[in-house]
Amino acid sequence: MPDNISFTIDGQEVTGKPGQTVLQAAMDSGLYIPYLCYFPKMKPYGACRACVVQTEMGERKSIVASCTTPIAPGLVVDSKTEQVTDLRRGIIELLMAEHPHGCLTCHRVELCGPQDICQRHVSVTDRCTICPKNERCELKDTVRSVELDLRTPLNYHRRNLPIHTDDPFYDRDYNLCIVCARCVRVCEEVRFDNAITLTNRSGVALVGTSRGESLLESGCEFCGACIDVCPTGALVERDYKWEKAARQVTTICTNCPVGCQMVAEVNRFNKVVRFIGDLAGESNNGQACWKGKFAYDYPNHKSRLKYPYVREGGILKRVTWEQALDRIAAGFGDRDGSKVAVIASPRGSNEDNYVAQKFARSVLKTDNVDTALNLTPRVASTLQKRFGSAGSTNPIWDLEGSKCVMVVSGNPTEEQNVLAVPLKKAARAGAHVIVIDPRETELTRYASDWIRPKPGTEHILLVGMARTIIDEALEHKEYVSSRCSGIDELKRSLWKFDLSAVSRVTGVEDTIIREVARNFAKKAPASILFGVDTVPVDLHGALTDAILNLSLITGNVGVKSGGVFPLYAGANTLGSLDAGCSPMAERGTDLTVEPGLNGATPPPMRDGVADLFAGMRSGEIEAAIVMADGMNPGAGPLGDAASALRSLDFLVVSAVFDDEVTAAADVVLPASTYTEQTGTLTNLERRVQLIRTAWTPRNEERSGWQTFASLARRMEAEGFDFQDSGGVFEELASVVPGYAGLSHDRLEAGGIQTPCPSSDSPGAAMLHAEEPDDDAGRLAIVPLPFIGAAAPSSDLVLAPGRVLSQPDKPVQVTRRGDMNYLHRVEVVKVHEEDAKAMSLMEGDAVEALDDHGSRLAVGVASLGSPQPGLISVTTLFAEVALGMHDADSPDPSPRIPGLPLQPVRLVKAADLAAYAVSSD
Amino acid sequence: MATTKAELGDSIRERVRCALKQQPQPTVTVLSSLLAVQDAIHYLPDEAIEETAGFCKASVNEVWSVASFYTNFRFTPPGAHVIEVCWGPSCHLAGAQGVLAAVQQELNLFREGETDDRRATLRYNTCLGACALAPVISIDHHLKGRITAGDAKDLAGGLLVD
Ligand code: SF4
Ligand code: SF4
Ligand code: SF4
Ligand code: SF4
Ligand code: FES
Ligand code: FES
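Residues numbered from 1 in each chain as written. Chains lettered and ligands numbered in written order. Predicted model: local features only at pLDDT ≥ 70, side-chain atom pairs only at ≥ 80, totals over all residues. Heavy atoms only, no water.

K.L.:
Looking at this model, I keep getting lost on the nonpolar core. Mind explaining?
P.N.:
Proteins that are soluble and globular tend to have nonpolar side chains buried together. Residue and element names in this part refer to chain A. By size, the foremost hydrophobic cluster in this structure holds 86 residues, and its most contacted members are Tyr-170, Ile-196, Phe-222, Cys-226, Trp-290, Leu-419 and Leu-529. The dominant element in this core, judged by the number of residues it contributes, is helix H26 (residues 877-886), at 6 residues. In terms of nonpolar packing, the next biggest core, distinct from the first, is built from 55 residues, Leu-494, Phe-520, Leu-552 and Val-557 among them. (Core = buried A, V, L, I, M, F, W, Y, C linked by side-chain atoms within 4.5 Å. Buried < 20%, exposed > 50% of the residue type's maximum accessible area, 1.4 Å probe, protein only. Helix = DSSP H or I, 4+ residues; strand = E, 2+ residues; numbered from the N terminus.)

Shown next as structure tokens:
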């Protein structure tokens, strides 16, 4: 590390890091130099010149932009000389000529309260009081710090542009734009979407999209990054547009396992009115996604459940908590442990999950406890067994530096969005991106190699790659010999994976498999992101094993910018597993049901939440407690969960809203949301982070742990007298390996990655960073059998894909009533053989129907599917954004459809014209 | 009819693709691609923006950013003939104002643009590079120097009938 650099600003001694600019060093030392186009974590741009300073180096004096001038030892910076302040004023005055500034230059602005709209002094179009950014406007603060000379009034030229209100989620009023290009730069430099751009030039240069089209067509992912950086009212969230924040609460987004740290703005009526990506968040570096940014406000909803209800004579009656608990205690009575289940919320905190499983195990005497989105237990258990944690080996932002990124059967840009941000950055910097997926997703656009194996043969393809690597001696021999075990067994097992056999089974040419294997082996460090979207459930373990092997033999585990990242579905999947909230928690640990409890041997453990629902359908499970917050009861990944729950004899539901699940319940309990509780979540990179209470529950809502603890006390169980969630965490930390060094107090300062064994441990950014001391510490490479995919349940499989933009297909956005609609004819790609069998012609109208005859896709047939049996349709991401925007459901985020493969029938549609309109 | 419109779109797309592919120079950029398309079909239709984006692996917005920056790119088809009137300093001193007024009157135009029958496009130019011959106009890129208002009017009128 080169030494820090000392220099002076306005006579004050300042030290900065090498490579910093004057402005950055000033900000770090708490000195203020006005600036407008600069924004932390983006490249300096030097456009606005608001940051001018005078620098002096030896004899040389110059006036420069402080945001682009690197610091140097002995540099003398002056930001307050008369020349500089004059210049700065001139610059701001020019800017003000195109920005309403009546209020900014008004002599009584300090007296002017928010509601106190003056009638005469400033014209209507010229007032900050009618701007949505009023009172949280960065431009205003900057301009006022410059102290304009107000003796001569400035002119204001209003651009008279229409306000864009047609897009989902946010409004654009370019009358207020100061063309700082922060939004354009964040979209290009940080998000890599290039959905907005600078248009025209000189006096009429402005921000916009190609030909002024809507964001729905321009490739926008609605991440909201541009809104968060905009210093003016030009870009603002539409919901709660005019609401002022009374206070800010730092919290964590509970919509996916990235766990973005967000600043929640809460108004004086205790409503959360905005979610802003927190620049201090280590998992997200200030970024967020459409779900985090715009699906946060369900806690505000009027229709929330407020009180407990008990069903009597078919009708839910309001009761007290005590009465509800009595009813639950009676309902469970002494049912056998094998006949009951506890389903925790995928958004539940570690505290909720810990108490849920403690209740299940010590009160109900069952291991039937899981979260509703723990859909890939074999992925987690394989990782846990082999790498000691079900989380990723490396931190998320390590991906920035990867030279090769392989994405297998997952769609992170949509489902774990911010994880894809550093990935795209690596791709732009030249990293080799390999996508193994039959679907077209946004990342396939970045892929150097896009491999489309037959669904369910991904693991065989990966072992085929391992075979090539070993055959061509491309494995990292030194790493393998010093850190791994089992390489010989692997080599022996690989003889079955003859590449011609692999090629036959996967449908991928052997030359291509070799090529990809070489690319992956040669470009280090390489990381792997993997989901199981296209993989049948019985192969989840095999896929995970194949991936870990590949990462180990190429020497990528425990290496910066290498490693593996599992793409889980639930926001707190990892935390719930850590807290033991899974039937698969290891037997004999503190967390599981002791053999001999109840005087009987415990029933065999069930295989994850899907199996628990199967047990309900088959009648083996008769009674359950379900935390329904964040669960999709409809045709989500659990199948028709609501109907399984309806078949129960006794059902308790803790929920935020009434829905199909509460309709089936015998007892309904009101649940609190993330705004009403303090607790921790563990994200996919093992970072334990704190969600903080924004307000205390308005009515009788209780959090998950409170619900279970009060029920346990009612059922006369011991060990449930927790004071608060900090107390729950204390107990959790004493039981769960890897959490021992953590406490709520410690986490106040920021998230910490597990394992964190002691209170002085900083946590573990990376797993297996050290070479093992002994053979026991070696990472095992495991031999794999050549297991094929189960026979497909139907002849044809639909692979739905989603991309941000498809410039080659005409899209039309029209407005009907208050809403936008996308019009477009979809292309359904069919393989030639299948088309021949059905006597389909290119251009025929077809529809893909599922088992129940519901239409999953419709469009014109095109003969271009890579695999016989595979049908693909690629839709625009914008349709999902519209869908979420227009959803009736107060909490749309759990219902956003993923992209799983589905068995389908293909039929010719009579007339395509009838289907040309879509996306409502 | 929808079909003919689609076909037309396709043929424009084809022509755009051809122009993009046939660029002779070794370095192909967004700018060079847009120039090639405009040379081939005299304007940049929506398809050109989309195809150029695909061809240069850029987003449509990036391409638009370049295209909208240069005033020489046009986004609607030009008229059958282009008449440019120079209003640069030399021509201005030599009476360009009268020439311009005469042409505008003849074409029934008040600013740059196309005549209603799309037979002629009027453009202003800030210097046609032939100041010694001021005032200068150009018709379909052929310069006419020492022009008088009357001659200019006749030439402009001729464009509407030939
Ligand atoms: S953006 Fe809005 S609040 Fe800020 S200075 Fe402009 S008008 Fe005033
Ligand atoms: S919301 Fe859209 S335009 Fe704004 S930064 Fe994100 S992708 Fe770009
Ligand atoms: S919209 Fe906002 S961020 Fe973008 S250029 Fe204008 S003022 Fe700057
Ligand atoms: S990436 Fe995940 S955690 Fe981050 S804002 Fe989006 S949904 Fe929330
Ligand atoms: S902040 Fe330095 S030029 Fe804009
Ligand atoms: S000014 Fe008219 S040709 Fe130069």
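K.L.:
Would you mind going over the site of ligand 3 with me for this structure?
P.N.:
Taken together, 13 residues sit near ligand 3, with Cys-177, Cys-180, Ala-181, Cys-183 and Cys-230 of chain A positioned nearest. Its residues assigned to classes, the shell around ligand 3 shows 11 nonpolar, 1 polar and 1 charged. (Near = heavy atom within 4 Å. Nonpolar A, V, L, I, M, F, W, Y, C, P; charged D, E, K, R; others polar.)

K.L.:
Looking at this structure, I do not really get the packing of helix H9 (residues 377-387) of chain A against helix H17 (residues 540-553) of chain A. What am I missing?
P.N.:
To describe two helices that pack against each other, one gives the angle between their axes and the distance between the axes. Residues and elements named next belong to chain A. For the pair H9 and H17, interaxial distance at closest approach is 8 Å and the crossing angle is 40°. Between H9 and H17, the angle falls in the class oblique. Where H9 crosses over H17, the handedness of that crossing is right-handed. Residue-level contacts link Arg-378, Val-379, Thr-382, Leu-383, Arg-386 and Phe-387 of H9 to His-540, Gly-541, Thr-544, Asp-545, Leu-548, Asn-549 and Leu-552 of H17. (Axes fitted to C-alpha atoms, helices over the stretch in contact; angles between N-to-C directions. Parallel < 35°, antiparallel > 145°, perpendicular 65-115°, else oblique. Left-handed = near helix turned anticlockwise from the far one by under 90°. Contact = heavy atoms within 4.5 Å.)

K.L.:
What am I meant to see in the site of ligand 1 here?
P.N.:
The immediate surroundings of ligand 1 are formed by His-99, Leu-104, Cys-128, Cys-131, Asn-134, Cys-137, Thr-232 and Gly-233 of chain A. Of the residues assigned to the shell around ligand 1, the class counts are 4 nonpolar, 4 polar and no charged.

K.L.:
Sorry, what's going on with helix H22 (residues 704-714) of chain A here?
P.N.:
It helps to recall that an α-helix has 3.6 residues per turn; residues three or four apart then point in one direction. Residue and element names in this part refer to chain A. For H22, the buried fraction is high: 8 of the 11 residues fall into the buried class. If you check which residues of H22 are buried, you get Gly-704, Trp-705, Thr-707, Phe-708, Ala-709, Ser-710, Leu-711 and Ala-712. On the buried face of H22, the contacting elements are helix H7 (321-332), strand S15 (340-344), helix H8 (350-363), strand S23 (623-627), strand S27 (667-670) and helix H23 (725-735). The first or second residue beyond H22 is Glu-716, which carries a positive phi of 60°.

K.L.:
Help me out: how do you make sense of the sheet that holds strand S37 (residues 855-863) of chain A in this one?
P.N.:
Working definition: the strands of a sheet are paired by backbone hydrogen bonds and lie parallel or antiparallel to each other. Residue and element names in this part refer to chain A. Read around the barrel, 6 strands follow the order S32-S38-S35-S37-S36-S39 and close on themselves; strand pairing throughout is mixed. Direction aside, the axes of adjacent strands within the sheet are offset by 45° on average. Two strands pair when backbone bridges link them, and strand S35 (residues 827-830) and strand S38 (residues 870-876) are joined in this way by 2 bridges, in the antiparallel orientation. Considered in S38, the bridge of Val-828 is made with Val-873. (Pairing = 2+ DSSP bridges.)

K.L.:
Even after reading the chapter, I still don't get the interface of chain B and chain A, so can you show me in this structure?
P.N.:
By convention, interface size is frequently given as the accessible area that disappears when the constituent parts associate. Taken together, the contacts link 13 residues of chain B with 16 residues of chain A. For the chain B and chain A pair, buried surface summed over both sides reaches about 1,300 Å², with 48% attributable to carbon and sulfur atoms. In terms of surface lost to chain A, no three residues of chain B exceed Asn-61, Trp-64 and Phe-69 of chain B, which account for 41% of the buried area on that side. With a closest N to O distance of 3.6 Å, Glu-50 of chain B and Arg-211 of chain A form a salt bridge. For the pair chain B and chain A, the interface holds 10 residue pairs in polar contact (both at pLDDT 80 or more). Mapped onto the side of chain B that touches chain A, the elements with two or more residues apiece are helix H3 (46-56) and helix H4 (60-69) of chain B. Broken down by element, the side of chain B that touches chain A gets its largest block of residues, 7 residues, from H4 of chain B. (Buried area = accessible area lost by both parts, 1.4 Å probe. Salt bridge = Lys/Arg side-chain N within 4 Å of Asp/Glu carboxyl O. Polar contact = N/O pair within 3.5 Å; in protein donor to acceptor, adjacent residues only side chain to side chain.)

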